[in-house]
Amino acid sequence: QFEQFMVKAPPAGTSETPQSDFDNPLLQAMAQDFQSDELTGPKLSPDFAGLANNALCQTMSDEKFKQKVDLYPRPVNVDRLQAPRVNPEVWGKVRPATRSRDIRMSKAQGRLLKGLVPLTRLVDVLIQAKGDHKKVDLEKCLKLFLDGLAIFATTSQDLSQRRRELIKPDLD
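Because the structure is a prediction, the values reported are computed rather than measured.

Enquirer: Explain the overall build of the protein to me, and be specific about the residues and the numbers.
Expert: Broken down by element type, the protein carries six helices and zero strands. Secondary structure elements in the protein, listed N-terminal to C-terminal, are α-α-α-α-α-α. Taking all 172 residues of the protein together, the buried fraction comes to 20%. The contacts of the protein with a sequence gap of at least 6 include a subset with a gap of at least 24, amounting to 68%. When the accessible surface of the protein is split by element, carbon and sulfur atoms take 57% of a total near 13,600 Å².

Enquirer: Before we move on, could you go through the nonpolar core and cite the residues and values that matter?
Expert: One broad rule of soluble globular proteins: the nonpolar side chains tend to lie buried together. Counting residues in each nonpolar core, the largest one holds eight residues, listed as Tyr72, Leu81, Leu113, Val117, Leu122, Val125, Cys141 and Leu144. Those elements giving two or more residues to this core turn out to be α5 (96–132) and α6 (138–171). Residue contributions to this core peak at four residues, all from α5. Beyond its immediate stretch of four places on either side in the chain, valine 125 contacts Lys140, Cys141 and Leu144. The next biggest cluster of nonpolar side chains, apart from the first, holds five residues, and it includes Met60, Phe65, Val69 and Ile151.

Enquirer: Report on the layout of surface pockets, specifying residues and quantitative values.
Expert: If you add up the space inside the second largest pocket, you get close to 170 Å³. If you go around the second largest pocket, the residues you meet are Pro84, Arg85, Val86, Trp91, Asp102, Ile103, Ser106 and Gln109. Per-element accounting of the lining of the second largest pocket gives the leading share, four residues, to α5. In the lining of the second largest pocket, the residues fall into four nonpolar, two polar and two charged.

Enquirer: Any details on the pattern of salt bridges? Residues and values, ideally.
Expert: For the structure on display, the rule yields six salt bridges. The closest approach of N and O atoms between arginine 104 and glutamate 165, which form a salt bridge, is 3.9 Å. Of the two residues, arginine 104 sits in helix α5 while glutamate 165 sits in helix α6, which places them 61 residues apart along the sequence. Of the residues examined, glutamate 165 reaches a relative accessible area of 33% and is grouped as partly exposed. One salt bridge connects arginine 162 with aspartate 158, and the closest N-O pair in it is separated by 3.2 Å. One end of the pair is arginine 162 and the other is aspartate 158, both in helix α6 and four residues apart, which spans about a single turn.

Enquirer: Break down unusual backbone geometry for me, citing the residues and quoting the values.
Expert: Here histidine 133, not a glycine, exhibits a phi torsion of approximately 55 degrees, which is positive. Look at histidine 133 and you get exposed, because its relative accessible area is 74%.

Enquirer: Could you give an account of α5, naming the residues involved and the relevant values?
Expert: Taking 1.5 Å as the rise per residue, α5 with 37 residues should run 54 Å; its terminal C-alpha atoms sit 53 Å apart, in good agreement. For α5, the full list of buried residues reads Ala108, Gly110, Arg111, Leu113, Gly115, Val117, Pro118, Leu122, Val125 and Ala129. Close packing links the buried residues of α5 with α3 (62–70) and α6.

Cut-offs used in this document
Residues numbered from 1 in each chain as written. Predicted model: local features only at pLDDT ≥ 70, side-chain atom pairs only at ≥ 80, totals over all residues. Heavy atoms only, no water. Helix = DSSP H or I, 4+ residues; strand = E, 2+ residues; numbered from the N terminus. Buried < 20%, exposed > 50% of the residue type's maximum accessible area, 1.4 Å probe, protein only. Contact = heavy atoms within 4.5 Å. Areas by Shrake-Rupley, 256 points an atom, 1.4 Å probe, with all protein chains shown as cover. Core = buried A, V, L, I, M, F, W, Y, C linked by side-chain atoms within 4.5 Å. 1 Å grid on protein atoms, 1.4 Å probe; cavity = no way out; pocket = protein on both sides within 12 Å on 5 of 7 lines; lining within 4 Å. Points joined across faces, edges and corners; volume = space filled by probe spheres on them. Nonpolar A, V, L, I, M, F, W, Y, C, P; charged D, E, K, R; others polar. Salt bridge = Lys/Arg side-chain N within 4 Å of Asp/Glu carboxyl O. Expected span 1.5 Å × (residues − 1).

In structure tokens, the structure reads:
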């Protein structure tokens, strides 16, 4: 029942704003009056848009998430791709409730950073190909990007859950 208080994104392939491709100029003007002020870009291909929307509203299992993350260990020379730890002297002064919240936030931050690993690898592949004037393996690039997207989408779900947990006590 708590879920009813969270606004959900529209189903894949739909829009919260009215369509503005009416033949009648009066209807088109009215539809534009009700469109969101949010700046949006061009449409994605229907298949990819549906996949992206689905990934952002469905949760990947912990096992599948771990398998995907394990494909991309942190590059040895990029030590900032991990959540920083709290200084032990500071940690010793932190209340238990704050520690608990920080641990959950640190976990979410770690998941976010795990999503950056395939994207940093993708950028590295592209930079090397450009520098060496080589052709890019599009399949490899697409896999790196899509795996990063999947990790980010799962992390977004995790953060939404954390937000629900933070809001719920105020509703009781």
